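Listed here are the chains, written in short residue letters.
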Amino acid sequence: MTHYNKLSEVSYNPKITSWRFKVKIHRIYPFYSYVTSSGPFYKYVLADEEGTKMEMTIYGNSDWFRGLEKQEGKWVEIIRVEVNRSYPGFQATNSRFNLSATRNTQVHIIDPLNNRFFMDFKNIHAIPHMDHMDRNYPIDTMRVVFNTEAHFDDPASPRMVFYIRDNIGSHIKCVATGAHAYAFRDGLENMKGRGQVIVVLKMWRVWKFLSYFGPPDLWLETEGGLSDFRFNPCLP
């Protein structure tokens, strides 16, 4: 029987190149090199059966991985991948390590192992009490949408501001910018007439602004290609 590593077991050792994982592709987002203006390259947020998350980066437009950027939500087997240390700053996961695909890496789509979504939904009332280090990583949350407002007078920097609340009355402001703002506006428009609208915010960043004249201002905001959202999702 083939042995698979757990993401929680990963450690940095350049001599080990035989890592083997069975994981779900939780999120895929493109990025470009500011140095060479090349791309897009892709980052994959992976989650194993325990729900541990880690990033994997694929550089270049290699035929070996062509089409993998369209497989978000699929389970995959990953063989022979490099392990690197994560850099400080805002990261997609709180892992101390990340994975890099090489020309020797193999990725195969496999049958789902279970129905978990690996979305650690953060409660709204818990967000103000998050440690400042935890705000370096995006969160997922699922709540009711209410009180929306749009600012599309400047096409270069459109903003969609809305609020979400839970079943105990906690609420928080959310700000979608850029292409997310237009997509959210159009998606919410399509939900009209369907009653209460539930939204899942996937990998949004927590922002906290301290004020000398009152309580800190706290909100959720999109973070480039990392963030996503779903209306009225069918969750198991």
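The rules behind these values
Residue numbers run consecutively from 1 along every chain, following the written order of its sequence. Per-residue local features of the predicted model are confined to residues with pLDDT of at least 70, and side-chain atom pairs are confined, for both listing and counting, to 80 or more; whole-chain, interface and lining totals are unaffected and use all residues. As a rule here, side-chain values cover all heavy atoms of the structure and leave hydrogens and water aside. Only runs of H or I of at least four residues qualify as helices and only runs of E of at least two qualify as strands under DSSP, and these elements are numbered from the N terminus. Two things to know: the radius of gyration comes from C-alpha atoms, and the globule rule equals 2.2 Å times the number of residues to the power 0.38. Two strands are counted as paired when DSSP detects at least two bridges linking them. An axis is simply a line fitted to the C-alpha atoms; with a helix, the fit covers only the stretch in contact. Between two such axes, the angle follows the N-to-C directions and lies from 0 to 180 degrees. For each structure, a 1 Å grid was placed over the protein atoms alone; sets of points admitting a 1.4 Å probe that cannot get out are labelled cavities, open sets with protein on both sides within 12 Å along at least five of seven lines are labelled pockets, and lining residues have an atom within 4 Å of a point. Grid points are joined across faces, edges and corners, and a volume is the space filled by probe spheres set on the points. The contact rule is simple, with two residues in contact once any of their heavy atoms fall within 4.5 Å. We call Phe, Tyr and Trp rings a pair once their centres come within 6.5 Å, taking the six-membered ring for Trp, and we label the pair stacked below 30 degrees between planes, edge-to-face above 60, and tilted otherwise. The classification of residues rests on relative accessible area computed with a 1.4 Å probe and restricted to protein chains. Under 20% of the type maximum is buried, over 50% is exposed, and intermediate values are partly exposed. Geometrically, a charge over a ring is one whose NZ (Lys) or CZ (Arg) sits within 6 Å of the ring centre while staying within 35 degrees of the ring normal.

As for the overall build of the protein chain
- Within the protein chain one finds one helix and 13 strands.
- When the elements of the protein chain are put in sequence order from the N terminus, they spell out β-β-β-β-β-β-β-β-β-β-α-β-β-β.
- In terms of C-alpha radius of gyration, the protein chain reaches 19 Å, essentially the compact-globule figure of 18 Å for 236 residues.
- Referenced to the eigenvectors of the C-alpha coordinate spread, the extents of the protein chain come out at roughly 55 × 40 × 35 Å.

A few points about the sheet that holds strand E4 (residues 75–79)
- Spatially, the seven strands line up as an open sheet ordered E5-E6-E3-E2-E1-E4-E7, and their pairing is mixed. Of all strands in the sheet, those bounded by a partner on one side alone are strand E5 (82–85) and strand E7 (106–110). On average, adjacent strands in this sheet sit at an angle of 40 degrees to one another, irrespective of strand direction.
- Summarising the sheet, E4 and E7 pair through five bridges and their orientation is antiparallel. Across the sheet, Val76 pairs through a bridge with Ile109, a residue of E7.

Some words on the layout of surface pockets
- What the largest pocket holds in volume is close to 410 Å³.
- In this structure, the largest pocket is lined by 16 residues; those nearest its centre are Lys53, Asn94, Asp120, Tyr137 and Pro138.

Thoughts on the side chain of Asn98
- For Asn98, the location among the structural elements is in strand E6 (residues 97–100).
- In contact with Asn98, not counting residues within four places along its chain, are Met54, Glu55, Glu82, Val83, Asn84, Arg85 and Ser86.

What to know about the packing of aromatic side chains
- Counted under the stated rule, the structure contains nine aromatic pairs.
- A ring pair is formed by Phe31 and Phe41, whose centres lie 5.6 Å apart and whose planes are at 55 degrees; its orientation type is tilted. Separated by 10 residues along the polypeptide, Phe31 in strand E1 (residues 20–31) and Phe41 in strand E2 (residues 41–47) bring together distant segments of the chain.
- Classification of Phe31 by relative accessible area gives partly exposed; the value is 21%.
- An angle of 65 degrees between the planes, with centres 5.7 Å apart, marks the rings of Phe229 and Phe231 as edge-to-face. Both residues of the pair, Phe229 and Phe231, count as buried.
- One aromatic cluster in this structure is built from Phe162, Phe184, Trp204, Phe229 and Phe231.
- Lying over the aromatic face of Phe146, Arg165 brings its terminal NZ or CZ to 4.6 Å of the ring centre.
- Lying across the ring of Trp207, Arg205 places its NZ or CZ 4.6 Å from the centre.

Things to note about the pairing of E2
- In terms of burial, E2 is largely enclosed, as seven of its seven residues are buried.
- Neither face of E2 is exposed, since Phe41, Lys43, Val45 and Ala47 on one face and Tyr42, Tyr44 and Leu46 on the opposite face are all buried.
- Bridge analysis of E1 against E2 gives seven bridges, and the strand direction is antiparallel. Counterpart to Ile25 in the pairing with E2 is Leu46.
- Two strands pair when backbone bridges link them, and E2 and strand E3 (residues 53–58) are joined in this way by six bridges, in the antiparallel orientation. The partner of Ala47 across the bridge, within E3, is Lys53.
- What sits between E2 and E3 in their antiparallel hairpin is a turn of five residues, with Gly51 showing a positive phi close to 90 degrees.

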